[in-house]
Amino acid sequence: MKKQILSIFAASLLMAQPCLAATYTAKKGDTYWLIAQRYGVSLSELLKANGATESSVLNIGDAVIIPSANTVHTAVKGDTYWLIAQRYGVSLSELLKANGATESSVLNIGDKVTIPSSGSASNTYTAVKGDTYWLIAQRFGVSLSALLKANNIAESSVLNIGDVLTIPSSGNTAADTPSSGPYITYKSYTVKSSDTLWSIAIDCGIPFSELLEANGLNENSYVYQGQVLTIPVHHVPVKSTVSSAFGELLDWWSEAQYVVPINAEFTVYDIGTGRSFKAKRTVGANHADCETLTAEDTRIMTEIWGGTPNWGKRPVLIHINGRKIAASAAGMYHAGNEWADAGVWTDWRSDNYGPGINYDYVKGNNASGHFDIHFYNSLKHNDGKTDSAHQANIMKAAGLN
């Protein structure tokens, strides 16, 4: 699933991706998808450059060719050819020539602008709306620490639109230093007598499928007491935000689902009303399926959505472990039965879902079933696609819309 959504994630980057022509040595936990994300290239280009397919196995020590690409800038609101030329340190005439444009040419949001090669070596970058130090470091293939050091700033420093940053020399490229974005380490876990693969995945805060993959198992596999399993541990650094009023923009697949794992409890802050309630993520793979913790939380949530549960979508901030994450929530409780046991077959489920598995795990909250919370690049369960309204709300919650 991660591989399928790479193109969505890559397309969402608002600025240029630097030229890369390097060989990367695969490490434990690497996948083609993760490497493509790390270097800002499409998965299809990476696979093609290495004669691989999505089903190809990547082994520790494999040499992975990072395909070269022209530096391309995606125009955002307020861009002009002159501003882009200034930002990349190229002359306006060179930029216009490279794009078959003139000084009177109109530049629209989303237009792809080729940056002449003379600009690829520019050692400065001008911040635009939506930038964070981490995003800029990823974009230019340098470590976050190297970027901060080169500009004599701390990770907590505020980044303003128009700030000019020095980009460290090529000696600090991502090919030479560990990724400063999300990364994975591993730990060992010894199976107890009461354990199942499902309970281990939940307790360790990782998807069931990821636990299986890390240990070469399948859905029909069993574990036994004393068996030692490998557990992926996801590290998701805190990202800078536009201001304290907004949340971190975390990708669902590589970041948010690990910051907000199943069974995590948190506070949902509704941006429109300024009201909050407590909730818990109980299930959900493509996005977070959540339940209010108490009847009072259900009352507050229902009032926020106008007094009646409904599928209206609202920008929210998820407060968890001292972090604020940009998200979007829908206000309809569905697919559950408050009066039946959780996780078993029930003849009735809320919102006309009909008979099926009862997805109501929090009892006594006066709500049957769960409600949806979406994060950046999360998908709908019914068709495996992003929801444009939810994604727009998430960008608003991040201060980027």
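Up top is the structure.
Now for a look at the structure at hand.

The rules behind these values
- Residues numbered from 1 in each chain as written.
- Predicted model: local features only at pLDDT ≥ 70, side-chain atom pairs only at ≥ 80, totals over all residues.
- Heavy atoms only, no water.
- Helix = DSSP H or I, 4+ residues; strand = E, 2+ residues; numbered from the N terminus.
- Buried < 20%, exposed > 50% of the residue type's maximum accessible area, 1.4 Å probe, protein only.
- Contact = heavy atoms within 4.5 Å.
- Areas by Shrake-Rupley, 256 points an atom, 1.4 Å probe, with all protein chains shown as cover.
- Pairing = 2+ DSSP bridges.
- Axes fitted to C-alpha atoms, helices over the stretch in contact; angles between N-to-C directions.
- Phe/Tyr/Trp six-rings, centres within 6.5 Å; stacked < 30°, edge-to-face > 60°.
- Lys NZ or Arg CZ within 6 Å of the ring centre and 35° of its normal.

### Remarks on the overall build of the chain
Now for step 1: The helix and strand inventory of the chain stands at 12 helices and 16 strands.
Now for step 2: Counting across all 401 residues of the chain, residues that qualify as buried make up 48%.
Now for step 3: Across the chain, every contact between residues at least 6 apart in sequence was considered, and the portion connecting residues at least 24 apart equals 62%.
Now for step 4: Element-wise, carbon and sulfur atoms account for 52% of the exposed surface of the chain, whose accessible area totals about 18800 Å².

### Some details on the environment of F277
Now for step 1: If you trace the backbone, F277 turns up in strand β10 (residues 276–283).
Now for step 2: With 22 residues separating them along the chain, F277 and R299 place their C-alpha atoms 9.1 Å apart.
Now for step 3: If we skip the residues at most four places from it in the chain, F277 touches F266, T267, V268, T292, D297, I300, M301, I304, W305 and F371.

### Some remarks on the sheet that holds strand β9 (residues 265–270)
Hydrogen bonding along the main chain pairs the strands of a sheet, whether they run parallel or antiparallel.
Now for step 1: With antiparallel pairing, 6 strands are arranged side by side around a closed barrel as β9-β10-β11-β16-β13-β12. Strand after strand, the sheet turns through a mean of 45° between neighbouring axes, direction not considered.
Now for step 2: One ladder, built from 4 bridges, connects β9 with strand β12 (residues 310–320); its direction is antiparallel. Looking at the pairing, Y269 lines up with L317 of β12.
Now for step 3: Those strands touched by helix α11 (residues 295–304) are β9, β10, β11 (288–292), β12, β13 (323–331) and β16 (371–374), and its axis lies near 105° from that of β10.
Now for step 4: Taken strand by strand, helix α12 (residues 388–397) contacts β12, β13 and β16, and its axis lies near 150° from that of β13.

### Observations concerning the packing of aromatic side chains
The geometry of an aromatic ring pair comes down to the distance between the two centres and the angle between the two planes.
Now for step 1: The final tally for this structure, using the stated rule, is 3 aromatic pairs.
Now for step 2: Look at W252 and F375: their rings are 5.6 Å apart centre to centre, the planes differ by 15°, and that puts the pair in the stacked class. Within this pair, whereas W252 is found in helix α10 (residues 252–259), its partner F375 is found in the loop between β16 and α12, the two being separated by 123 residues in sequence.
Now for step 3: F375 gets classed as buried once you look at its relative accessible area, which sits at 1%.
Now for step 4: Between R314 and the ring centre of W305, over which it is positioned, the NZ or CZ distance is 5.7 Å.

### Let's talk about helix α8 (residues 197–204)
Now for step 1: Taken residue by residue, α8 has L197, I200, A201 and I202 as its buried positions.
Now for step 2: Packing partners of the buried residues in α8 comprise β7 (183–190), α9 (208–214) and β8 (228–235).
Now for step 3: In the stretch just after α8, G205 is the one whose phi turns positive, near 70°.

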